[in-house]
Amino acid sequence: MATWMVAVFLTGMMSMAILGFATRNLDDPREVTGWARAHGVELTAGNIGLVRYFVRLVVVLRVTGGLGGMLIGHLFDDAVDWETAVGGGSWVWAVVGWMVGAWWADRCVAQPAGPGAGALLAARRLADYLPWYLRVAPALGALLAVGLAVMGIVDPADGVMPHRRILVGLAAAAVAIAGLAALAQHAVVARPQPARAADLLQADDAVRANAVHHLGGGATAATLLVAAGLLDRDELGGPGGTTAMLSFLALVAALVAWRFLAFRAFRVRRPAGPGGVPVGAAR
Amino acid sequence: MIIRLDPDSPVPPYAQLKEQVTTMIRSGVLAPDTRLPAIRHLAADLGVATGTVARAYRELEAAGLVATRGRHGTVVQALALVADAADDVAGAAEAFALEAAHRGVDLDRALDAVRAAFAHLDSGLDDQPRPA
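Here the structure is a predicted model, which means the values were calculated and not measured. (Residues numbered from 1 in each chain as written. Chains lettered and ligands numbered in written order. Predicted model: local features only at pLDDT ≥ 70, side-chain atom pairs only at ≥ 80, totals over all residues.)

**Some thoughts on the overall build of chain B**
The secondary structure content of chain B amounts to five helices and three strands. With 132 residues in all, chain B has 27% of them scored as buried. In chain B, of all internal contacts separated by at least 6 residues, the share reaching a separation of at least 24 is 61%. (Helix = DSSP H or I, 4+ residues; strand = E, 2+ residues; numbered from the N terminus. Buried ≥ 20, exposed ≤ 12 C-beta atoms within 10 Å, placed from the backbone. Contact = placed C-beta atoms within 7 Å.)

Right, here's the structure in full:
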């Protein structure tokens, strides 16, 4: 399949998704109740303000981040005279911007610690907010990209002189995306969680889970996009257009990861304390 | 399971933290092998320096109430639950002394309160029906 067809397909799908989110009616109360139900948050007078603010803010910041990422990619290319934001590269920048938007929204709703605020005496781990496969998926995507880059350098297609700098650069970009996403996820888990009320804690946990899912799903999608770009390069050109087909599959996998991993609603379950009372529940 | 520090208390924050965790462990609210939050997480949540939480954890470890297990973090020790009665009373007395100091009550008044509590306990026991 021709590269331009893949680009048109991906551009169309992503544009439809972004437009769909950008034009949602965020004042619709069903947006808030739907989000809360999906994340297992019981809406109360104490937490509905936080949830409503987050649901609105996160959509705006993610879309703004995605569009801003594309723009920054082009500005970056102009500044350093590279070509990172052409074709699929432009979508890598968009996904990274999207992830920054998701992370920023989480920072915006963080409750400040201070006098009078309590703390839950329970360990917080990334595993509380993210399933195992989404914790390893970005690393696997980066590993795939590194493997493809190494293959392109060590064993290029017949008659093709490998562009080592480009291959290494793409692999480094995938590793950097996965690494930075992991750092951002740990920062989300580590940010303060003052325990003022059980309903606020529940909403705060859902916000965190949402942020780390977007970071994990986004990083998986971005690393798969890089892998797709590598597979589309001449250095990896296999017989009968095999690598072109694999490149297309990697693009589809990136889209699936972005849609179904990043947007997966996750219910944070706290371990039961004495008497089966969930840790952090009002007693 | 919620820790609260009083910024206006004369008791230092690390001692308040240690006392509250001690009470939770001795009362069984924190079961053996329960993982305590990471030092920097708890410090961020409470809005205190990491050194404050680290000192409280160190003293809890020295008291045999918690143990540091490498990457598993700080966990509640099972030994705490099988401590003998004298240890329990000593722990309760320590918690009481901290609470009294926290409320600005001096030793004499605190001891008066203990005597009154014992007197109340005795009168309550006297009221119990005696076996025939």
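**Focus: the overall build of chain A**
Tallying secondary structure elements over chain A gives eight helices and two strands in all. Going from N to C terminus, chain A has its helices and strands arranged as α-α-α-α-β-α-α-β-α-α. Of all 283 residues assigned to chain A, the portion counted as buried reaches 43%. Long-range contacts, defined as pairs at least 24 residues apart, comprise 80% of the intrachain contacts of chain A with a sequence gap of at least 6.

**Re the confidence of the model for chain B**
Reading fine detail from the predicted coordinates is not recommended where pLDDT is low. Looking at chain B as a whole, the pLDDT averages 82, with 83% of positions reaching at least 70. Put simply, helix H4 (residues 85-102) of chain B is where chain B has its lowest mean pLDDT, 76, and helix H3 (residues 50-62) of chain B is where it has its highest, 94. (pLDDT = per-residue confidence, 0-100.)

**Notes on the sheet that holds strand E2 (residues 194-195) of chain A**
Hydrogen bonds between backbone groups are what pair the strands of a sheet, and the pairing can be parallel or antiparallel. Pairing in this open sheet of three strands is antiparallel, and the strands run E2(A)-E1(A)-E1(B) from one edge to the other. Edge positions in the open sheet fall to E2 of chain A together with strand E1 (2-4) of chain B, since each of these has one partner strand only. Bridge count for strand E1 (residues 118-120) of chain A against E1(B) is three bridges, and the pairing is antiparallel. Across the sheet, the residue bridging to Leu120(A) is Ile2(B), located in E1(B). (Pairing = 2+ DSSP bridges.)

**Some thoughts on the environment of Met245(A)**
Mapping Met245(A) onto the fold places it in helix H8 (residues 242-261). For Met245(A) and Leu231(A), which are 14 residues apart along the polypeptide, the C-alpha to C-alpha distance reads 8.9 Å.

**Some thoughts on the nonpolar core**
In this structure, Val95(A), Met99(A), Ala145(A), Ala174(A), Leu225(A), Val226(A) and Ala227(A) are the most contacted members of the largest nonpolar core, which totals 71 residues. Put simply, the parts of the chain that give this core at least two residues each are helix H2 (29-38), helix H3 (48-80), helix H4 (88-109), helix H5 (132-154), helix H6 (164-190), helix H7 (198-231) and H8 of chain A. Once residues within four sequence positions are removed from consideration, Val226(A) is found in contact with Val92(A), Ala145(A), Leu170(A), Ala173(A) and Ala174(A). Core analysis: the next-biggest nonpolar cluster, separate from the first, contains 30 residues, Ala113(A), Tyr14(B), Met24(B) and Leu65(B) among them. (Core = buried A, V, L, I, M, F, W, Y, C linked by C-beta atoms within 7 Å.)

**Structural notes on the packing of H4(A) against H7(A)**
Residue and element names in this part refer to chain A. Interaxial distance between H4 and H7 falls to 9 Å at its minimum, and their mutual angle equals 170 degrees. Classed by the angle they form, the pair H4 and H7 counts as roughly antiparallel. Counted by class, the contact of H4 with H7 contains 19 nonpolar, five polar and two charged residues. (Axes fitted to C-alpha atoms, helices over the stretch in contact; angles between N-to-C directions. Parallel < 35°, antiparallel > 145°, perpendicular 65-115°, else oblique. Nonpolar A, V, L, I, M, F, W, Y, C, P; charged D, E, K, R; others polar.)

**A word on unusual backbone geometry**
Unusually for a residue other than glycine, Asp81(A) sits at a positive phi of about 60 degrees. Relative to the elements of secondary structure, Asp81(A) occurs in the loop between H3 and H4. Judged by the 6 C-beta atoms lying within 10 Å of it, Asp81(A) is exposed. Although it is not a glycine, Asp33(B) adopts a positive phi angle of roughly 75 degrees. Tracing the backbone shows Asp33(B) in the loop between helix H1 (13-26) and helix H2 (39-46).

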